[in-house]
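Here are the chains, one letter per residue:
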Amino acid sequence: MNNQVVIVGAGLSGLRAASLLHEHGIPCRVLEARDRIGGRVLSTSVLDRPDLGKYDLGPTWFWPQYETRIAKLVNELNLETFIQYANGAMLLERSHNKSPERYMLPANANISSFRLRGGVQSLIDALADRIPPGTIKLGTRVTALELDKGGAVTIEAELSDGERRRISASAVILALPPRIAARHMEFSPPLPPELITDLVSKPTWMAGQAKAVVIYDRPFWRELGLSGFASSRVGPLQEIHDSSPDAGSSGALFGFFGIPAKVRHELGQEELKKMVIGQLVRMFGPASHQINAFLYKDWSEDEETAVKEDSYPLKNYPVYGQPPLVGNWEKKISFAGTETDSQFGGHLEGALRSAEKAVSEISEWIGGHA
């Protein structure tokens, strides 16, 4: 089928693009290198303990007050949400030698963030259910795109068993981190140098970060008048939040590391776990020792997410937006993904907005109606 649109990447952007193309009657196929859908969305439960709930090791929140796309989509899909727990005091740890300082944030200091019951994976799964069976091909890593003189695109892909496959398309949506496209794919004819430069200049959101979730019988910090929100200049976690499920008695804290990727790799997960538990004991008290489970995801080690440049810590919030596509590949490839949205880059909202834009472009190119 050479009139189909091929979407590279089965994360939120890719799946949303596929669902929209299906609504418009445009045939498409989704190629995903991983053995699962979701991309950087990763909601997981503890092995052999599903009763403890699901926890997000990727994106966690959205803000329906000003993120209209995701708010509308969540409503359409009838997904259940709850407000991120924020009642009580926050903690600030300035040094090893001082006890954490306790602060009450002013009322309405922050706009409430919302979470999805069952994790953000529930959004991914609901979107996938809107796509015809057989559309998504897992374990299919795209390695090259070739544009012939007649305007047809041929995609080369490597399957998980090593087999190689060639797939024809009328147009392609690259719904994956720009740096992955620039570093891991070959284009014939080559992409313009200015486009490659732009793609590489867009840091992959979360790619240099790692996330830890520590699960307890109950959210004991709430009994101490604490919100679970904490900030530390000591580490290893620099920012901590309550990650407890909305239903059930389990409690959980999650945190983002302040340690660079290179140092995390040298320390290893077991040493990092000891350091994290030690920090939680310092900040939240001796009950922090009594853990049920420890979940960890270092996105810098995920080859479908990160490239070498992503190992360097970000100094400033990245500048995101649509890459400047001109030349031979114009009207043949479109970029989607949260890094390609200038307003909500780094958010789930940005991923959805970029998917809508890509489908609108594709529909115009091939004569569909968006």
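Quick note: structure is the one above.
Because the structure is predicted, anything quoted here is derived from the model rather than measured.

Undergrad: Run through the overall build of the chain, naming residues and quoting values.
TA: Within the chain, the regular secondary structure consists of 9 helices and 20 strands. For the chain, whose C-alpha radius of gyration is 22 Å, the value lies close to the compact-globule estimate of 21 Å for 370 residues. C-alpha extents for the chain along the principal axes are approximately 70 × 40 × 40 Å. Across the 370 residues in the chain, those meeting the buried criterion constitute 55%. For the chain, the proportion of contacts with a sequence separation of at least 24, taken over those separated by at least 6, is 70%. In the structure as shown, the chain presents an accessible area of about 16,900 Å², 49% of it carried by carbon and sulfur atoms. Of the side chains in the chain, 40 bear a positive and 44 a negative charge, and the two mean positions are spaced by 3 Å.

Undergrad: Quick rundown of the packing of helix H2 (residues 68–76) against helix H9 (residues 348–366)? Include the residues and the values.
TA: Packing of H2 against H9 leaves a shortest axis separation of 8 Å and a crossing angle of 85°. In terms of orientation, H2 lies roughly perpendicular with respect to H9. In contact with Thr68, Arg69, Ile70 and Leu73 of H2, H9 contributes Leu348, Glu349, Leu352, Arg353 and Glu356. Of the residues belonging to the contact of H2 with H9, the class tally is 4 nonpolar, 1 polar and 4 charged.

Undergrad: Before we move on, can you summarise the pattern of salt bridges with the specific residues and values?
TA: For the coordinates displayed, the defined rule picks out 29 salt bridges. Of the charged contacts, one joins arginine 49 and aspartate 51 as a salt bridge, the two residues approaching to 2.8 Å between their closest N and O atoms. Residue arginine 49 is classed as partly exposed on the basis of its relative accessible area of 34%. Looking at aspartate 51, the relative accessible area reads 54%, which means it is exposed. Residue arginine 353 is joined to aspartate 341 by a salt bridge in which the shortest nitrogen-to-oxygen separation is 2.9 Å. Here aspartate 341 lies in the loop between strand E20 (333–336) and H9 and arginine 353 lies in helix H9, a separation of 12 residues in the sequence.

Undergrad: Mind laying out the pairing of strand E12 (residues 164–169), listing which residues take part and the relevant values?
TA: Summarising the sheet, strand E11 (residues 153–159) and E12 pair through 6 bridges and their orientation is antiparallel. When the bridges of E12 are listed, valine 153 appears paired with alanine 169. Linking E11 to E12, which pair antiparallel, is a turn of 4 residues; within it glycine 162 sits at a positive phi near 95°.

Undergrad: Outline the sheet that holds strand E6 (residues 89–93), supporting the account with residue identities and numerical values.
TA: With mixed pairing, 7 strands are arranged side by side in an open sheet as E7-E6-E16-E17-E18-E15-E19. The open sheet terminates on both sides in strands that have one partner only, identified here as strand E7 (101–103) and strand E19 (293–298). Going across the sheet, the axis of each strand differs from the next one's by a mean of 20°, ignoring polarity. Lying over the sheet, helix H8 (residues 269–284) contacts E6, strand E15 (210–216), strand E16 (226–232), strand E17 (237–242), strand E18 (251–257) and E19, oriented at roughly 120° with respect to E16.

Undergrad: With reference to specific residues and values, describe the sheet that holds E20.
TA: With respect to topology, 5 strands assemble into an open sheet ordered E9-E2-E1-E13-E20, the strand pairing being parallel. The two strands at the open ends of the sheet, each matched to only one other strand, are strand E9 (136–137) and E20. Alignment of strand E1 (residues 5–8) against strand E13 (residues 171–175), held across 4 bridges, turns out to be parallel. Residue valine 8 lies in a different strand from E13, and its bridge partner there is leucine 174. Strands E1, E13 and E20 of the sheet are contacted by H9, whose axis makes an angle of about 165° with E20.

Undergrad: So, the packing of helix H1 (residues 12–23) against helix H3 (residues 121–128): which residues are in play, and what are the values?
TA: At a minimum axis distance of 9 Å, the contact between H1 and H3 shows a crossing angle of 30°. Between H1 and H3, the crossing angle belongs to the class labelled roughly parallel. In this structure, H1 crosses over H3, and the sense of that crossing is left-handed. Between H1, through Leu12, Leu15, Arg16 and Ser19, and H3, the contact on the second element is made entirely by Leu123, Ile124 and Leu127. Its residues assigned to classes, the contact of H1 with H3 comprises 5 nonpolar, 1 polar and 1 charged.

Criteria and thresholds
Per chain, residues are indexed from 1 in the order of the written sequence. pLDDT decides what is reported in this predicted model: residues at 70 or higher carry local features, side-chain atom pairs at 80 or more are listed and counted, and totals for whole chains, interfaces and linings draw on all residues regardless. Values shown for side chains rest on all heavy atoms present in the structure; no hydrogens or waters enter the calculation. Note on conventions: DSSP H or I runs of at least 4 residues are helices, E runs of at least 2 residues are strands, and numbering of each starts at the N terminus. We compute the radius of gyration from the C-alpha atoms alone; for a globule the expected value is 2.2 Å times N to the 0.38, where N is the number of residues. In this scheme, a residue with accessible area under 20% of its type's maximum is buried, one over 50% is exposed, and one in between is partly exposed, where area comes from a 1.4 Å probe on protein chains only. Any pair of residues with heavy atoms lying within 4.5 Å of one another is described as a contacting pair. Areas reported as accessible are Shrake-Rupley estimates using a 1.4 Å probe. Residue values count occlusion only from the protein chains shown. Charge convention: Lys and Arg are scored as positive, Asp and Glu as negative, and His as well as the terminal groups of each chain are ignored. In this description, the location of a charge corresponds to atom NZ of lysine, CZ of arginine, CG of aspartate or CD of glutamate. Lines fitted to C-alpha atoms define the axes, with helix axes restricted to the stretch in contact, and inter-axis angles between N-to-C directions lie between 0 and 180 degrees. For classification, angles of less than 35 degrees are called roughly parallel, those exceeding 145 degrees roughly antiparallel, those between 65 and 115 degrees roughly perpendicular, and all remaining angles oblique. Side-chain classes follow a simple rule in which Ala, Val, Leu, Ile, Met, Phe, Trp, Tyr, Cys and Pro form the nonpolar group, Asp, Glu, Lys and Arg form the charged group, and the remainder, Gly included, forms the polar group. The working definition used for a salt bridge is a side-chain nitrogen of Lys or Arg within 4 Å of a carboxyl oxygen of Asp or Glu. Two strands are said to pair when DSSP picks up at least two bridges between them. Handedness of a helix crossing follows the sense of rotation of the near helix relative to the far helix, less than a right angle counterclockwise being left-handed and clockwise being right-handed.

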